[in-house]
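Notes for the structure review
Spelled out, the chains give:
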Amino acid sequence: MSYFKLNLKTLRKHKSLSQSALSDELLLTRSTLSAYENGSAEPNFKTLMRISDFFKVNIDRLLRQDMSKLTDLELKKIEEGYDVDLRGKHLRILATTVDHENNEQIELVPTKAKAGYTTGYSDPEFISELPRLSLPFLDQNRKHRVFPISGDSMPPIPHGSLVIGEYLDDWSQLNEKQPYIVVTREDGIVLKNIVDRVAKDGVLELHSTNPEYESYEVHIRDVLEIWRFVHYISKDIPDHNLNNAELSKQVSLLQRDVRKLMNKEK
């Protein structure tokens, strides 16, 4: 049984929105919204995602749980963005492509499509238009995707590399010793090491291997996808040797970080 029509009405009334006001927010006609609420019509996938994002409610809860039984405090917490599935299983459905034998393919996100990925990642049409690669050395039982990475924040991986990620559908098992491709609403596609502080603070702490880059936090509700880094493709050979100037710079940066830690201890 789906509770969608009941939940839509419950969430709308909790936000004190009229059908007309909510339909404007969701880019729908009032009659379409009314049809959703009385159960005479159902939204397509893209509209369902839009409703989920607007109310900050994961799709599984939106469809399966009777939210009319929640207290005002519980609804307020959801409205404030605390409806977080830490495992990442119900935040979205992975859009993918398959070959003529129904085997999942490996899509490549070109640089020109990178900016649009944060809005098109869940759109089967957007994903279907991405070029596909054949990489037989990868585990054929896992879902992979290839992303372009720019900048020098994650040496030894050079600027302009293509990084290969393995789709992670369980976010409770993040390994802090391994880099991940993190797709967020604000920062797009980034390759970072992760410190998992979701259980305590609701955030992931993202770190670069280049000490010139400061770490930063991203709230788990802003994370769209996480892919475990498995390989990268580059035309450049990473240079692991530092000249004297570069070595001095790294020492200075290390001393800076030590001073920061000492100041925090005082």
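Structure: above.
Now for a description of the structure that goes with this document. Every residue gets a number counted from 1 within its own chain, in the order that chain's sequence is written. Selection of residues for local features in this predicted model requires a pLDDT of at least 70, selection of side-chain atom pairs for listing and counting requires 80 or more, and totals for whole chains, interfaces and linings are taken over all residues. Excluded from the side-chain calculation are hydrogens and water; included are all heavy atoms of the structure.

**A word on the overall build of the protein**
Here is the rule we go by: Secondary structure elements follow DSSP: runs of H or I of four or more residues count as helices, runs of E of two or more count as strands, with numbering from the N terminus. Relative accessibility under 20% of the residue-type maximum defines a buried residue, over 50% an exposed one, and the middle range a partly exposed one, all with a 1.4 Å probe and only protein chains included. Two residues qualify as a contact provided that any one of their heavy atoms is within 4.5 Å of a heavy atom in the partner residue. Exposure was quantified through the Shrake-Rupley algorithm and a 1.4 Å probe, taking into account, for residues, occlusion by the shown protein chains and nothing else.
Summing up its helical and strand segments, the protein has 11 helices and nine strands in all. Counting all 266 residues of the protein, 41% fall into the buried class. Considering only contacts within the protein whose residues lie at least 6 apart along the sequence, 62% involve residues at least 24 apart. Accessible surface, the protein: about 15600 Å² in total, of which carbon and sulfur atoms supply 50%.

**Focus on the pairing of strand β3 (residues 144-148)**
Stated precisely, the cut-off is as follows: For two strands to count as paired, DSSP must find a minimum of two bridges between them.
Of all five residues in β3, five are buried, a share of seventy percent or more. Burial along β3 is two-sided: the residues His144, Val146 and Pro148 and Arg145 and Phe147 are all buried. Across two bridges, the pairing between strand β1 (residues 106-108) and β3 is parallel. By the bridge assignment, Glu107 is partnered in β3 with Arg145.

**Side note on the packing of aromatic side chains**
Test applied: Stacked, edge-to-face and tilted labels apply to pairs of Phe, Tyr and Trp rings (six-membered ring for Trp) whose centres lie within 6.5 Å, assigned for plane angles under 30 degrees, over 60, and everything in between, in that order.
Taken as a whole and assessed by the stated rule, the structure comprises six aromatic pairs. Taken together, the ring pairs connect Tyr117, Phe126, Phe147, Tyr167 and Trp227 into an aromatic cluster.

**Digging into the packing of helix α1 (residues 4-14) against helix α3 (residues 30-38)**
Keep this limit in mind: Axis lines are fitted to C-alpha atoms, over the contacting stretch for helices. Their N-to-C directions set the angle, which ranges from 0 to 180 degrees. Here the word oblique covers every angle except those under 35 degrees (roughly parallel), over 145 (roughly antiparallel) and from 65 to 115 (roughly perpendicular). Classes in brief: Ala, Val, Leu, Ile, Met, Phe, Trp, Tyr, Cys and Pro nonpolar; Asp, Glu, Lys and Arg charged; the others, Gly included, polar.
Packing of α1 against α3 brings their axes to within 6 Å, and their N-to-C directions diverge by 120°. Between α1 and α3, the crossing angle belongs to the class labelled oblique. In this structure, α1 uses Phe4, Lys5, Leu8, Lys9 and Arg12 to contact α3, whose residues at the interface are Leu33, Tyr36, Glu37 and Asn38. Each residue belonging to the contact of α1 with α3 can be placed in one class, and the counts come to four nonpolar, one polar and four charged.

**Considering the environment of Phe126**
Structurally, Phe126 is set in helix α9 (residues 124-128). Separated by 30 residues in sequence, Phe126 and Thr96 place their C-alpha atoms 9.8 Å apart. Here Phe126 is in contact with Ala113, Gly116, Tyr117, Gly120 and Tyr121, once residues within four sequence places are set aside.

**Regarding the side chain of Asp66**
We apply this condition: Under the counting rule used here, the positive set is Lys and Arg, the negative set is Asp and Glu, and His together with the chain ends is not counted. Whenever a carboxyl oxygen of Asp or Glu lies within 4 Å of a side-chain nitrogen of Lys or Arg, that contact is scored as a salt bridge. For the purposes of these results, a polar contact is taken to be a pair of N or O atoms within 3.5 Å, where, inside protein, one atom must be able to donate a hydrogen and its partner to accept one; residues adjacent in sequence count only when each atom of the pair is a side-chain atom.
As for its position among the elements, Asp66 is in the loop between α5 (59-64) and α6 (72-79). Buried and unpaired, Asp66 has no salt bridge, with Lys69 as the nearest side chain of opposite charge at 4.1 Å. Of the polar contacts made by the side chain of Asp66, one reaches the side chain of Ser68; its length is 2.5 Å. Aside from chain neighbours lying at most four places away, what touches Asp66 is Tyr3, Leu6 and Asn7.

**Describing the packing of α1 against helix α4 (residues 45-55)**
Convention followed: Each helix crossing is assigned a hand: it is left-handed if the near helix lies turned anticlockwise from the far helix by less than a right angle, otherwise right-handed if that turn is clockwise.
In contact at an axis separation of 12 Å, α1 and α4 are set at 35° when each is read in the N-to-C sense. Here α1 runs over α4; the crossing is left-handed. Contact with α1, carried on its side by Phe4, Leu8, Leu11 and Arg12, involves Leu48, Ile51 and Phe55 of α4 and no other residues of that element. Split by residue class, the contact of α1 with α4 holds six nonpolar, no polar and one charged.

**Quick look at the side chain of Asn210**
Mapped onto the elements of the fold, Asn210 is located in the loop between β7 (203-207) and β8 (216-219). In this structure the side chain of Asn210 is engaged in a polar contact, spanning 2.9 Å, whose partner is the backbone oxygen of Asp152. Of the polar contacts made by the side chain of Asn210, one reaches the backbone nitrogen of Glu212; its length is 3.0 Å. Contacts of Asn210, omitting those with residues within four sequence positions, involve Asp152, Ser153 and Pro155.

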